[in-house]
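Coordinates in review
In case you want the letters, here they are:
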Amino acid sequence: MSCLESHVYKERKFEEESEEVTLDGSVDFHGRPAIRAKSGRWVAAIIILLNQALATLAFFGIGVNLVLFLTRVVGQNNADAANNVSKWTGTVYIFSLVGAFLSDSYWGRYKTCAVFQVIFVIGLMSLSLSSYLFLLKPKGCGNETVSCGKHSKLEMGMFYLSIYLVALGNGGYQPNIATFGADQFDEEHSKEGHNKVAFFSYFYLAFNIGQLFSNTILVYFEDEGMWALGFWLSAGSAFAALVLFLICTPRYRHFKPSGNPISRFSQVLVAASRKSKLQMSSNGEDLFNMDAKEASNDANRKILHTHGFKFLDRAAFISSRDLGDQKGLGYNPWRLCPVSQVEEVKCILRLLPIWLCTIIYSVVFTQMASLFVEQGAAMKTKVSNFRIPPASMSSFDILSVAVFIFFYRRVLDPFVGKLKKTDSKGLTELQRMGVGLVIAVLAMVSAGLVECYRLKYAKQGCLHCNDSSTLSIFWQIPQYAFIGASEVFMYVGQLEFFNAQTPDGLKSFGSALCMTSISLGNYVSSLLVSVVMKISTEDHMPGWIPGHLNKGHLDRFYFLLAALTSIDLIAYIACAKWYKSIQLEAKTGEIDETQV
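Residues numbered from 1 in each chain as written. Predicted model: local features only at pLDDT ≥ 70, side-chain atom pairs only at ≥ 80, totals over all residues. Heavy atoms only, no water.

Some thoughts on the overall build of the protein chain
When you go through the protein chain residue by residue, the secondary structure sums to 20 helices and five strands. Looking at the protein chain as a whole, 52% of its 596 residues qualify as buried. Within the protein chain, contacts between residues separated by at least 24 positions form 80% of all contacts whose residues are at least 6 apart in sequence. (Helix = DSSP H or I, 4+ residues; strand = E, 2+ residues; numbered from the N terminus. Buried < 20%, exposed > 50% of the residue type's maximum accessible area, 1.4 Å probe, protein only. Contact = heavy atoms within 4.5 Å.)

Quick look at the nonpolar core
Ile 354, Phe 372, Leu 430, Phe 497, Ile 545, Phe 557 and Tyr 572 are the most contacted members of the largest nonpolar core, which totals 67 residues. Three or more residues apiece are contributed to this core by two domains, here domain 2 (259-341) and domain 3 (344-584). Sequence-distant contacts of Ile 354, defined by excluding residues within four places in its chain, comprise Leu 430, Met 433, Phe 497, Tyr 572, Cys 575, Ala 576 and Tyr 579. Phe 59, Val 74, Val 121 and Val 166 belong to the second-largest nonpolar core, a separate cluster that totals 38 residues. (Core = buried A, V, L, I, M, F, W, Y, C linked by side-chain atoms within 4.5 Å. Domains from an automatic or database assignment.)

With respect to empty space enclosed by the protein
Empty space among the atoms becomes apparent when a probe as large as a water molecule is rolled across them. This model, assessed by the stated rule, comprises one cavity of 30 Å³ or more. Approximately 30 Å³ is the volume found for the largest cavity. What lines the largest cavity is simply Leu 66, Leu 70, Asn 84, Val 85, Trp 88, Tyr 160, Ile 163 and Tyr 164. For the lining of the largest cavity, the elements supplying multiple residues, two or more each, are helix H3 (66-74), helix H4 (78-107) and helix H6 (153-182). Its residues assigned to classes, the lining of the largest cavity shows seven nonpolar, one polar and no charged. (1 Å grid on protein atoms, 1.4 Å probe; cavity = no way out; pocket = protein on both sides within 12 Å on 5 of 7 lines; lining within 4 Å. Points joined across faces, edges and corners; volume = space filled by probe spheres on them. Nonpolar A, V, L, I, M, F, W, Y, C, P; charged D, E, K, R; others polar.)

Remarks on unusual backbone geometry
A positive phi angle is found at Arg 41, which is not glycine, with a value near 60°. As for its placement among the helices and strands, Arg 41 is situated in helix H2 (residues 41-63).

Let's talk about helix H9 (residues 261-274)
When the terminal C-alpha atoms of H9 are compared, their 20 Å separation across 14 residues agrees well with the 20 Å that a helix rising 1.5 Å per residue should span. Listed in full, the buried residues belonging to H9 are Pro 261, Phe 265, Gln 267, Val 268, Ala 271 and Ala 272. One side of H9 carries all its buried residues, which in axial view fall inside an arc of 155°. For H9, the elements touching its buried residues are H4, helix H11 (310-313) and helix H13 (339-357). (Expected span 1.5 Å × (residues − 1). Arc of directions from axis to C-beta.)

Description of the side chain of Ser 162
For Ser 162, the position within the fold is in helix H6. The buried category is assigned to Ser 162, whose relative accessible area is 0%. Among the polar contacts made by the side chain of Ser 162, one reaches the main-chain carbonyl oxygen of Met 158 at a distance of 2.8 Å. In this structure, Ser 162 is in contact with Gly 123, Ser 126, Leu 127 and Ser 130, ignoring residues within four places of it in sequence. (Polar contact = N/O pair within 3.5 Å; in protein donor to acceptor, adjacent residues only side chain to side chain.)

Structure follows, in structure tokens:
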């Protein structure tokens, strides 16, 4: 009898555990509370990691060599090709903002990822088909020796439609997939909470593995003129990623969209404008705070009142008309806003100067996918009988990122923590971003010096720019390594900073700020190249970035970027000293001031 009772007890316990729901509020595909044993966790997370690796391989299989496709196949000069790559990359990140907005406001992360991945696959298939049928003529063209013929407006229209569908698909997908993967772990559960932290490390590893494969294998095929094969492999990789993602649909955990933040911002601005002529007391006692019942229903932490941007405080000022509204059905949100809502707008306004200072860094970063590739193509790329694809040199950037992540986490962070002798560990986010700007200056100086020596050893009588210098392409390794090191400090620090310093209800907007910074950096790079070429080509001069780099001065452009980044660093230091971190009231009622 005791054995039977024990067996029944074990069966009941197993049933209870299998029906246990998650504690973080996640739901299944049908909107019901997610059952822990039947959803999420590593089963779903591993599928998402594979999905990310395959999608990254597909995207960089196009993006990393696009500048050479534009010069060899489309027939553009170096400056125009670099500009078009910058515009295309910038558009990818603009679409990231669209994807983040749709995800948070209306669709949720799963639907957003699925829809934009479908668009991504369509764009890649269209690019592969149009290139094979129309652009790669005569057959075998597009390598360093055989040029392709001219293309009609219709053919070029198909090409640009295809690559911008790729930009739309990847842009809308990318800002949501990492967060969706983290959603598969319940942070309120002790074991799953630890797994959630570990997931981000594996996610970054998957991203780098996909990029490393595309920057070596696919780039080799494309550099040898096998563009159609490279594009079809990218399309196949993206399709496999989509199929994997959809197969695991019943297993995913979801969070419902939290609503549109634009209306909250608009309410504060409108309410403050309506009360611009009213007199307010200086102590802030007449400002509107939600009552305890309303505050308890809000899952977000309350932001404490600050004394900056006094004009916006008028939105929370309780006028006589507002008192009349409160006695009736409630307050009008377009005339009166709670202090915490006003502080949300203040937080974003304080972030903007820091955000603006990150744009110049993105100008430096974008050179890796454009001018670095063109510079490498004009160097000695052969080792014995093997030719190194110039775009594959970005592999050293990936290796540098991996090395410096280990160096920062295992060596620098503990060392700085010991020097500080405080509870805070290592460099703050703002300090790390400053270090990233310093290393970016070193990257541009390194690239400029390499270009000086490349010109010194250039073959002046050659007819083509490719391999027109005896200086080995391996001299580019330091500039790629510096870029990788700066990424670890700038982009990782930037992502952590914006997520930490935005209110609880605007975390996706914080991530969108990071990607918009990259986008604007690409557009600024395109504008800068156009201005430099216009000025440097006066009096019939070839300019700094001509079609034949041996006739130009690409080194001067790199040194110009180093100078602009140095000026930006000075402005950044001033903004960082001025910045005041967000102050949140914890659920216990204590003040939680985020350290930066």
